[in-house]
Amino acid sequence: MASRLIAQRALPEVILDWDVPLSLSSNPRRDLSGPGSLAGTIEPEYARMLGSDGQPILQEWATKLYLEVDGYIRWGGIVTKTAYEGAKATIGAEGLSCYPHGIPYEDYMISGALITPKDPYAGKDKNHDGWVDGKKGVQKVPPPPKPYGGPRIDVYDAVRNIWRHLQTRPYGNIGLVLDQHDLGEKLGEANGSDPWELAWWDNPDCGQVLDTLARTTPYDWREEHTWATASSNQINHRLLLGRPRLGRKRPDLRFAGDENIIAIARPEGMGDDYANEAIVLGRGEGRKMKRAQVHRFDGRLRRVATVTDKTLTSDKALRTRGEQELAGRTKALQIPSIRIIDHPNAKFGSWQLGDDILIQVHVPWLGDLEVWHRIVSDEIGADGTVTLTLKRSDSFHY
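Not measured: the values here are computed from a predicted model.

Asker: Honestly, the nonpolar core in this entry has me stumped. Any pointers?
Answerer: Across soluble globular proteins, nonpolar side chains show a tendency to be buried alongside one another. Ranked by size, the top nonpolar core spans 40 residues in total, and within it Leu58, Phe255 and Leu388 carry the most contacts. The residues contacting Leu58, other than those within four sequence positions of it, are Ala7, Val20, Ile42, Met49, Thr63, Leu65, Val79, Thr82, Tyr84 and Ile91. Ile78, Trp163, Leu166 and Trp196 belong to the second-largest nonpolar core, a separate cluster that totals 30 residues.

Shown next as structure tokens:
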């Protein structure tokens, strides 16, 4: 397995170093619906770690890093942390999707606004006798038109709007292209009773808004970095959006002990995290606080998890959040992670984040287990192995 770390200036995208001498202190990690991370050190000081402009090649928010394995880019991100101690440099990087965090939304967006039409007969019954002035006995004053819900936008339109806002600001274009399909779920209530609003005067954080949308809708996303062509130095960046989830069931791949699985993390149940009922508290205070209660009684004693999220306003959003909370709390034994080797059962790169795979292992006290798990992250080790972080497939409710 031939691998190298490539450094690229963020603005403009120019390759700075084709083989950065970074000793990894944590494996490059990709996350489903998360930016992932990479960390390492350089020691001693290398003269070539300065660019032609005299600036450090590895500079916070100025350098993109890529892990290339056998010609394919397996990880991409931007340097977000640097520290120096003598001749030693410590570098931390995160996926490009970390960029929105800490940046305010400076525009206005609303979905499902309550629209109150103008009353054409307002002020035309000055003596309040119920008749249009000058038309007594001929034309009564009709009731005013009823309010109604305004246009609503798809969740993914809101996501793209926020990213467009970020990348059209000066020095803000990180080159990330988003999928153009819709999720099929619109924000705000259809009758205008609970509009979804994003307003600059509330100083919303773009990253937090995107996280809330993914948590309460919910949906999957992941980053993808690829060479534009086989012979170019241009790298394309894409944010894939699930509808609502990414990945698929993979009966064509085999993950089995004594074959391609060389280690498993200790199987675990829910323990203190187990719950079969969730109470979700949303916006408001006291008796006016929005509240939802969701349960999945499964023959076990009642255990309750309470969640507070002041961004939630609609009954649907509160119930969705409750279902999401219970999905990860009521399931049985799962295997948190496995370490695998490159093998005909499942060649490296044959899976994607979000795929469902059947794990077949022998566990002392439990015997032979065959349980479907979903890949939520992967880490490429320096020894050529890959660690997959897993969650039971039936712990997802979408």
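Alright, that's what it looks like, and here's the rest.
Asker: Could you clarify how one ought to interpret the pairing of strand β13 (residues 221-227) in this entry?
Answerer: Most of β13 sits out of view: five of its seven residues are buried. Looking at chain direction, β13 and strand β14 (residues 235-241) are connected through seven bridges and run antiparallel. Each bridged residue has a counterpart across the sheet, and for Thr226 the counterpart in β14 is Asn236.

Asker: Hey, could you run me through the environment of Lys136 in this one?
Answerer: On the secondary structure map, Lys136 appears in the loop between β9 (114-115) and β10 (148-149). In this structure the C-alpha to C-alpha distance between Lys136 and Asp125, which are eleven residues apart in sequence, comes to 9.8 Å. Aside from chain neighbours lying at most four places away, what touches Lys136 is Asp129 and Trp131.

Asker: Would you mind showing me how to read the pattern of salt bridges here?
Answerer: Side-chain pairing between opposite charges can occur once the charged atoms of the two side chains come close. Across all of its chains, the model carries 25 salt bridges by this definition. A salt bridge links Glu68 to Arg4; the shortest N-O distance between them is 2.6 Å. Of this pair, Glu68 sits in strand β5 (residues 63-69) while Arg4 sits in strand β1 (residues 3-9), placing them 64 residues apart in sequence. Note that Arg238 is salt-bridged to Glu224, the shortest N-O span being 3.9 Å. Residue Arg238 is found in strand β14, and its partner Glu224 is found in strand β13; the two are separated by 14 residues along the sequence. Since its relative accessible area comes to 27%, Glu224 is described here as partly exposed.

Asker: It is not clear to me how the environment of Arg152 should be interpreted in this structure. Could you clarify?
Answerer: By the secondary structure assignment, Arg152 is in the loop between β10 and α1 (155-167). Using a relative accessible area of 29% as the deciding quantity, one classes Arg152 as partly exposed. With 41 residues separating them along the chain, Arg152 and Ser111 place their C-alpha atoms 4.4 Å apart.

Asker: Could you clarify how one ought to interpret the state of the cysteines in this entry?
Answerer: By definition, a disulfide links the sulfur atoms of two cysteines through a covalent bond. Per the stated rule, a full pass over the model turns up zero disulfides. Summary of cysteine pairing: Cys98 is not part of a disulfide, and the nearest cysteine sulfur, belonging to Cys206, is at 13 Å. Using a relative accessible area of 1% as the deciding quantity, one classes Cys206 as buried.

Asker: Hey, could you run me through the layout of surface pockets in this one?
Answerer: Quantified by volume, the largest pocket comes out at close to 910 Å³. Along the walls of the largest pocket sit 34 residues, with Trp196, Glu197, Arg283, Thr311 and Thr313 positioned nearest its centre. Only β12 (196-199), α2 (206-216) and α3 (315-327) provide two or more residues apiece to the lining of the largest pocket. Among the elements that make up the lining of the largest pocket, the one with the highest residue count is α2 (seven residues). Looking at side-chain class alone, the lining of the largest pocket contains twelve nonpolar, nine polar and 13 charged residues.

Asker: Which parts of the structure should I look at to understand the sheet that holds β14?
Answerer: Sheets are built from strands paired through backbone hydrogen bonds, the pairs being either parallel or antiparallel. Strand order across the open sheet formed by three strands is β11-β14-β13, with mixed pairing between neighbours. The open sheet is flanked by β11 (176-178) and β13, the only strands paired with a single partner. Across the sheet, the axes of successive neighbouring strands diverge by a mean angle of 30°, strand direction being ignored. Those strands touched by α1 are β11 and β14, and its axis lies near 160° from that of β11.

Asker: Got a minute to help me understand the packing of aromatic side chains in this structure?
Answerer: Each pair of aromatic rings is reported with the distance of its centres and the angle of its planes. By the definition in use, this model includes seven aromatic pairs. Relative to Trp227, the ring of Trp18 has its centre 6.2 Å away and its plane inclined at 25°; by these criteria the two rings are stacked. Within this pair, whereas Trp18 is found in the loop between β2 (14-17) and β3 (23-31), its partner Trp227 is found in strand β13, the two being separated by 209 residues in sequence. Consider the rings of Tyr108 and Trp201, whose centres lie 5.3 Å apart with planes at 20°: the pair is stacked. On the criterion of sequence distance, the pair formed by Tyr108 in strand β8 (residues 108-111) and Trp201 in the loop between β12 and α2 is long-range, its members being 93 residues apart. The partly exposed category is assigned to Tyr108, whose relative accessible area is 35%.

Asker: It is not clear to me how unusual backbone geometry should be interpreted in this structure. Could you clarify?
Answerer: Apart from glycine, the bulk of residues carry a negative phi angle, and the bulk of peptide bonds sit in the trans form. Here the residue pair Thr217 and Pro218 is connected by a cis peptide bond, since its omega of -25° sits within 30 degrees of zero. In this structure, Pro218 sits in the loop between α2 and β13. Backbone torsion omega between Arg243 and Pro244 reads -5°, so that peptide bond is classified as cis. With respect to the secondary-structure elements, Pro244 resides in the loop between β14 and β15 (255-256). The phi dihedral of His128 falls on the positive side, at around 55°, and the residue is not glycine. If you trace the backbone, His128 turns up in the loop between β9 and β10. For His128, a relative accessible area of 70% gives the class exposed. The phi dihedral of Asn203 is positive, around 50°, even though this residue is not glycine. Structurally, Asn203 can be placed in the loop between β12 and α2.

Definitions and limits used
Residues numbered from 1 in each chain as written. Predicted model: local features only at pLDDT ≥ 70, side-chain atom pairs only at ≥ 80, totals over all residues. Heavy atoms only, no water. Core = buried A, V, L, I, M, F, W, Y, C linked by side-chain atoms within 4.5 Å. Buried < 20%, exposed > 50% of the residue type's maximum accessible area, 1.4 Å probe, protein only. Contact = heavy atoms within 4.5 Å. Helix = DSSP H or I, 4+ residues; strand = E, 2+ residues; numbered from the N terminus. Pairing = 2+ DSSP bridges. Salt bridge = Lys/Arg side-chain N within 4 Å of Asp/Glu carboxyl O. Disulfide = S-S within 2.5 Å. 1 Å grid on protein atoms, 1.4 Å probe; cavity = no way out; pocket = protein on both sides within 12 Å on 5 of 7 lines; lining within 4 Å. Points joined across faces, edges and corners; volume = space filled by probe spheres on them. Nonpolar A, V, L, I, M, F, W, Y, C, P; charged D, E, K, R; others polar. Axes fitted to C-alpha atoms, helices over the stretch in contact; angles between N-to-C directions. Phe/Tyr/Trp six-rings, centres within 6.5 Å; stacked < 30°, edge-to-face > 60°.

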